[in-house]
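The primary structure of each chain is shown beneath.
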Amino acid sequence: LTLEEVRMLVELFYLPYHHGTLAQELLEHFQWLRANSLSVGVPATAPDACGGTRWRGRAQSFQLLCARTCRLHSRFVSTAGRALLYDLHPYLWDIRNMLLAASAFVLWLGCQSITAPILLGRDAEPWARRGGLFGELQALLPVGNSCDLFYHPPPLFPSSQLYLLRPLLPLDKVGAVAWRGVLPEPWHGFWGCSEVSQGLQAQLSHAPALPGRLLGSFLSLSPEYTFVLEDEGGPCGYAAGALHAEGFLQQRDRSWLPAIRHKYPPDLGAGGPALGQDALEEAVLFFHAEPLAVPQPVLRRFPSLVQLGTAPRVLDVGASRSLALCLLSALRANGSRGVFCQVSDADRQQLSFYSKLG
């Protein structure tokens, strides 16, 4: 480790009730960005356009600090002696995961053209939050009082893998090939959104094995609540949500599904060697099957829908947890009071995935 990296490590875990310079900067930036997020999205000609410019400048500084801390975690795992690594890694791993979520949440705030007031939950009991930088960052996220989301044991075998968590970008919808392998084989299917090249040949040649049968409706109807997890190999996970699930599901069934069914008729699965016969037929059948209705009591109690997934190569549950924290924070910031997800009772892999997230 360089002297600068050692100094960063010390400043992240300085003294009880007293932060080092790096930790203090992280907290001050995050507090200010959250408190002043309504300045984002104003037109350049508006009188307070300088407020939006200042917000973006501080957001960029916060992103750089988060990236430095994530690189510190990766370098520490690669270079520290084993005894020191296993002593300190749980703390640095926690901070890394928290900053992944906080950084993506700030990016999401900057993408919103109309930002709703962030809801402040009731104060949690003192025992519900940990101390130090982790606890103070937790308190600043809109879901900070949902304590079960923040308690996960660190991995037995620390990994130096670097991750990036961010909101969906327009290019993500077009760059479909980059999503190959994001989900396990049973989930592969068509992209299912209008941005992909027209026609079966383009679909087969440019979008093989994509998770679009699950993501297509979110990308078309609720792209503002979609987040992407990336590692050095490209996209490796996603989190998607719909703030008002009832309206989202109605729109999906009335407009999105009929358009997709027209685009991909039931006999499309015949002779599709590029995707593989079974995968192609499965994707087409998925679009033509009638979706199960969500009971009204569920929609009343949990008004938002969420869906998450990671590639098999993502073994670090901390990265998956950061995905969940970021999506739930975005939904909570715009007024959601509860979420649900839809999982087949036969899908053991997905049931296990959500169970590990708590």
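The protein is annotated in an unreviewed UniProt entry as OGA GlcNAcase of Gymnorhina tibicen.

(A) Expanded view of the overall build of the protein. Across its full length, the protein carries 13 helices and 5 strands. Scored against the burial criterion, the 358 residues of the protein give a buried share of 50%. Taking contacts inside the protein between residues at least 6 apart in sequence as the whole, the part at least 24 apart equals 74%. Of the roughly 17,300 Å² that the protein leaves accessible, carbon and sulfur atoms contribute 59%.

(B) Spatial organisation of the pairing of strand β4 (residues 304-310). The element β4 is largely enclosed, with a buried count of 7 among its 7 residues. Because side chains alternate across β4, one face comprises the buried residues Ser304, Val306, Leu308 and Thr310, and the other comprises Leu305, Gln307 and Gly309, equally buried. Judged from the 6 bridges that link them, strand β3 (residues 234-242) and β4 form a sheet pairing that is antiparallel. Along β4, the bridge assignment pairs Gly237 with Thr310. Pairing analysis gives 2 bridges linking β4 to strand β5 (residues 339-340), with the strands arranged parallel. Counterpart to Leu305 in the pairing with β5 is Phe340. At this point the chain moves from β4, through helix α12 (residues 317-333), to the parallel β5, and the crossover so formed is right-handed.

(C) Here's a closer look at helix α9 (residues 245-263). Residue Arg252 marks the point of greatest curvature in α9, where the axis turns by about 45°. Among all positions in α9, only Ala245, Phe248, Leu249, Arg252, Trp256, Leu257 and Ile260 are buried.

(D) Just the environment of Leu168, in detail. The topology assignment puts Leu168 in the loop between β1 (164-167) and α6 (170-174). Between the alpha carbons of Leu168 and Leu229 there is a distance of 9.5 Å; along the sequence they are 61 residues apart.

(E) Helix α4 (residues 82-111), seen in detail. When the terminal C-alpha atoms of α4 are compared, their 41 Å separation across 30 residues agrees well with the 44 Å that a helix rising 1.5 Å per residue should span. By the largest-angle criterion, Leu88 marks the main kink of α4, which is about 50°, and a proline, Pro90, follows within four residues.

(F) Layout of the environment of Leu26. Inspection of the secondary structure puts Leu26 in helix α2 (residues 21-35). The exposure class assigned to Leu26 is buried, which follows from its relative accessible area of 0%. Here the alpha-carbon distance between Leu26 and Gln63, two residues 37 residues apart in the chain, equals 9.4 Å.

(G) Just the pattern of salt bridges, in detail. Applying the stated criterion across every chain, the model contains 8 salt bridges. We note a salt bridge from Asp316 to Arg96, for which the minimum N-O separation is 2.6 Å. Of this pair, Asp316 sits in the loop between β4 and α12 while Arg96 sits in helix α4; the two residues are 220 residues apart in sequence, bridging distant segments of the chain. What emerges from the salt-bridge pattern is a single network uniting Glu4, Arg7 and Arg68.

(H) Highlighting the layout of surface pockets. If you add up the space inside the largest pocket, you get close to 1,300 Å³. Gln307, Cys341, Gln342, Val343 and Ser344 are the residues nearest the centre of the largest pocket, which is lined by 38 residues in total. For the lining of the largest pocket, the elements supplying multiple residues, two or more each, are α8 (212-221), α9, β4, α12, β5 and α13 (348-357). Partitioning the lining of the largest pocket into residue classes produces 25 nonpolar, 7 polar and 6 charged.

Rules and cut-offs
Sequence order sets the numbering: in each chain, residues are counted from 1 along the sequence as written. Local features in this predicted model are restricted to residues whose pLDDT is 70 or higher, and side-chain atom pairs enter the listing and the counts only when it is 80 or higher, whereas totals over whole chains, interfaces and linings include all residues. Note that water and hydrogens are dropped before the side-chain values are worked out from all heavy atoms of the structure. Secondary structure is summarised from DSSP: a helix means a run of H or I of at least four residues, a strand means a run of E of at least two, and numbering begins at the N terminus for each. Exposure categories follow from relative accessible area, calculated using a 1.4 Å probe and restricted to protein chains: below 20% of the type maximum is buried, above 50% is exposed, and the middle band is partly exposed. Only heavy atoms enter the contact rule, under which two residues are in contact if any of them lie within 4.5 Å. Values of accessible area rely on a 1.4 Å probe in the Shrake-Rupley scheme; residue burial ignores everything except the protein chains shown. By the convention used here, strands pair only if DSSP detects at least 2 bridges between them. Consider the strands pointing away from the viewer: the crossover is right-handed when the path from the first strand over the helix to the second runs clockwise. At every residue, the bend is computed as the angle between two fitted axes, covering the seven residues ending there and the seven beginning there respectively. Helix span, expected: 1.5 Å multiplied by one less than the number of residues in the helix. The working definition used for a salt bridge is a side-chain nitrogen of Lys or Arg within 4 Å of a carboxyl oxygen of Asp or Glu. Both site types are read off a 1 Å grid over the protein atoms alone. A 1.4 Å probe that fits but cannot get out defines a cavity, while an open set with protein on both sides within 12 Å along at least five of seven lines defines a pocket; lining residues have an atom within 4 Å of a point. Grid points are joined across faces, edges and corners, and a volume is the space filled by probe spheres set on the points. Under this grouping Gly is polar, as are all residues other than the nonpolar Ala, Val, Leu, Ile, Met, Phe, Trp, Tyr, Cys and Pro and the charged Asp, Glu, Lys and Arg.

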